[in-house]
Amino acid sequence: MEEKNNKKILVTGGAGFIGTNFIRNILKTKPFFSVVNFDALTYAGNISNFADISSIYDERYRFVHGDIRDAAIIGKLFDEEDFDIVVHFAAESHVDRSISGPEVFIDTNVNGTFRLLEASLKKWNMNGKPDDFRFIHVSTDEVYGSLGDTGYFTETTPYDPSSPYSASKAASDHFVKAYYRTFGLPAIVTNCSNNYGSFQFPEKLIPLIILNIMERKDLPVYGDGKNVRDWLYVIDHCDAILTVLEKGKQGETYNIGGGAEYPNIEIVELLCDLMDKKLNRSASRELIRFVNDRPGHDMRYAIDASKIKNELGWSPRFRFEEAIIETVDWYLNNTDWVDSVRSGEYRHWIEKNYSDRSVVE
Ligand code: NAD
Ligand code: TYD
């Protein structure tokens, strides 16, 4: 895609973990880009993530509170603004929540994506089908299902989702691809591995474990802790999305991975040791509790990122061993943020779910 000044980007779900990092990165590094952050502010969205920078970037940043399931509000937004790019992050994103309450995953991830595709298509047609418009759909490697001890997910691995979350993301990916093939909407799908870094909601493994160690609470490890995830630093992921929107080919899929595979138990033990050093403590490993496994728990995820590397020139810049220390430091230095996102709803959810999980050791 040709570089053009003054691009306007719609970011959906920009008040969540990855969207926040993406917008902050763009505002700082891309002076010709302006951003509209459209977010429903569910439990996972936090508008104060921009409190320190929104006045600095006043002219290039706008927040719109709204729900991607609401065709009327999305239609109004597309009437008001001419977007060059849509980067679609908004989703329900937590596997455990999709097991205890799948319906909202279908509503937001499938129907919400459909609404956004419809609005984008309508405006793209009205504007004369510009070839450089991009709809970037941010998805997950979980759509490919589970790997055994060997092998990697490529862009042609058949979809085989296990959880209601991954099934809903798979369905949304198919809709995005269908809108490219059927209507020509210039869309791209990215499928990435597990992200970690600043601003991640503390229901996901890494921030949950960091905070539980800080507070000397039990560290719940599902099953035997041998499930493997391929960890991607969120800053690397944001760079990859920028690369895709600048150089990616419409209609294509790009897998994005960190190339850092670890069994969960190793992540938890590493965090215990790191935090013991930082907090001048010992024996955090004694807090580890093996608990009942997650139903349908995928064994291993691992991304083959050679397509984005060879065709677009992206590869991760950060080493896991360094970026995990940065992440721990961020949580230690941002306890106010943690307190503010742990709302009553979150506390209620975590209490209910963890009281249902019995320790199995
Ligand atoms: P998140 O849960 O932290 O944030 C999601 C954001 O979407 C929140 O700000 C929330 O308020 C907003 N949102 C939810 N429902 C909405 C709706 N109906 N309308 C408008 N906004 C709504 O998620 P994340 O971790 O930042 O993930 C972003 C995207 O990346 C998701 O699509 C997710 O599937 C995908 N992804 C995430 C990871 C990961 O490790 N976090 C890995 C692979 C893919
Ligand atoms: P999670 O962060 O929920 O991401 P995902 O399910 O999308 O991979 O979980 C990462 C891994 O850690 C996954 O294998 C489940 C496991 N896990 C635990 O062992 N304990 C926990 O408390 C959580 C939240 C996850």
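Scroll up to find the structure.
Quick notes on the rules
Residues numbered from 1 in each chain as written. Chains lettered and ligands numbered in written order. Predicted model: local features only at pLDDT ≥ 70, side-chain atom pairs only at ≥ 80, totals over all residues. Heavy atoms only, no water. Pairing = 2+ DSSP bridges. Helix = DSSP H or I, 4+ residues; strand = E, 2+ residues; numbered from the N terminus. Axes fitted to C-alpha atoms, helices over the stretch in contact; angles between N-to-C directions. Contact = heavy atoms within 4.5 Å. Phe/Tyr/Trp six-rings, centres within 6.5 Å; stacked < 30°, edge-to-face > 60°. Buried < 20%, exposed > 50% of the residue type's maximum accessible area, 1.4 Å probe, protein only. Lys NZ or Arg CZ within 6 Å of the ring centre and 35° of its normal. Core = buried A, V, L, I, M, F, W, Y, C linked by side-chain atoms within 4.5 Å. Near = heavy atom within 4 Å. Polar contact = N/O pair within 3.5 Å; in protein donor to acceptor, adjacent residues only side chain to side chain. Areas by Shrake-Rupley, 256 points an atom, 1.4 Å probe, with all protein chains shown as cover. Nonpolar A, V, L, I, M, F, W, Y, C, P; charged D, E, K, R; others polar. Parallel < 35°, antiparallel > 145°, perpendicular 65-115°, else oblique. Left-handed = near helix turned anticlockwise from the far one by under 90°. Salt bridge = Lys/Arg side-chain N within 4 Å of Asp/Glu carboxyl O.

**Description of the sheet that holds strand E6 (residues 187-192)**
The strand order E3-E2-E1-E4-E5-E6-E10 describes an open sheet built from 7 strands, whose pairing is parallel. Looking at which strands have only one partner, the edges of the open sheet turn out to be strand E3 (61-65) and strand E10 (253-256). Direction aside, neighbouring strands of the sheet carry axes that sit 20 degrees apart on average. Strand direction decides the pairing type here: E6 and E10, joined by 4 bridges, are parallel. Of the residues in E10, the one forming a bridge with Thr190 is Tyr254. Set on the sheet, helix H5 (residues 164-183) makes contact with strand E5 (134-140), E6 and E10; between it and E5 the angle comes to about 155 degrees.

**Brief notes about the packing of aromatic side chains**
Two aromatic rings are characterised by how far apart their centres lie and by the angle between their planes. Considering all chains together, one arrives at 20 aromatic pairs under this definition. For the pair Phe199 and Trp330, a centre-to-centre distance of 4.8 Å together with 50 degrees between the ring planes defines the contact as tilted. Separated by 131 residues along the polypeptide, Phe199 in the loop between strand E7 (194-196) and helix H6 (205-214) and Trp330 in helix H10 (residues 320-333) bring together distant segments of the chain. Judged by relative accessible area, which is 11%, Phe199 ranks as buried. Residue Trp330 is classed as buried on the basis of its relative accessible area of 16%. The rings of Tyr196, Trp231, Tyr233, Tyr262, Phe318 and Phe320 are connected pair by pair, giving a single aromatic cluster. The ring of Tyr43 carries the charged tip of Arg97 above its face, separated from the ring centre by 3.5 Å.

**Here we look at the nonpolar core**
By size, the foremost hydrophobic cluster in this structure holds 36 residues, and its most contacted members are Phe22, Val87, Phe89, Ile136, Leu245 and Ile308. If one sorts the elements of this core by residue count, helix H7 (residues 234-247) sits on top with 7 residues. Non-local contacts of Ile308, meaning those with residues more than four positions away in its chain, are made with Ala240, Val244, Tyr254, Asn255, Ile256, Gly313 and Trp314.

**Things to note about the sheet that holds E7**
Strand-to-strand pairing in sheets goes through backbone hydrogen bonds, with the strands running parallel or antiparallel. Strand order in the open sheet formed by 3 strands is E7-E9-E11, with mixed pairing between adjacent strands. Of all the strands in the sheet, just E7 and strand E11 (261-263) have a single pairing partner and so form its edges. The mean inter-strand angle of the sheet, taken between neighbouring strand axes irrespective of direction, is 50 degrees. In this fold H7 packs onto E7 and strand E9 (228-233), with an angle of close to 70 degrees to the strand it touches most, E9. Lying on the sheet, helix H8 (residues 264-278) is in contact with E9 and E11; it crosses E11 at an angle near 85 degrees.

**What about the site of ligand 1?**
Around ligand 1 sit 29 residues, and of these Ile18, Asp39, Ser93, Tyr165 and Lys169 come closest. A distance of 3.0 Å separates an oxygen atom of ligand 1 from a polar atom in the backbone of Phe17. Residue Asn195 places a main-chain N or O atom 2.8 Å away from an oxygen atom belonging to ligand 1. Coverage of ligand 1 by the protein amounts to 97% of the 830 Å² it exposes when considered alone. Mapped onto the shell around ligand 1, the elements with two or more residues apiece are helix H1 (17-29), E5, H5 and E7. Considered class by class, the residues forming the shell around ligand 1 number 13 nonpolar, 12 polar and 4 charged.

**As for the packing of H6 against H8**
Packing of H6 against H8 leaves a shortest axis separation of 10 Å and a crossing angle of 40 degrees. Here H6 is positioned oblique relative to H8, judged by the angle of their axes. Crossing handedness for the pair H6 and H8: right-handed. Residue-level inspection shows Leu205, Ile206, Ile209, Ile210, Ile213 and Met214 of H6 in contact with H8, the latter providing Asn264, Ile267, Val268, Leu271, Cys272 and Met275.

**Overview of the pattern of salt bridges**
Within this structure, the stated rule accounts for 21 salt bridges. A salt bridge links Asp67 to Arg69; its shortest N-O distance comes to 2.7 Å. Beyond isolated ion pairs, a larger network of salt bridges with shared partners links Lys8, Arg62, Lys76, Glu80 and Glu81.

Keep in mind that these numbers describe shape and distance, not what the molecule does.
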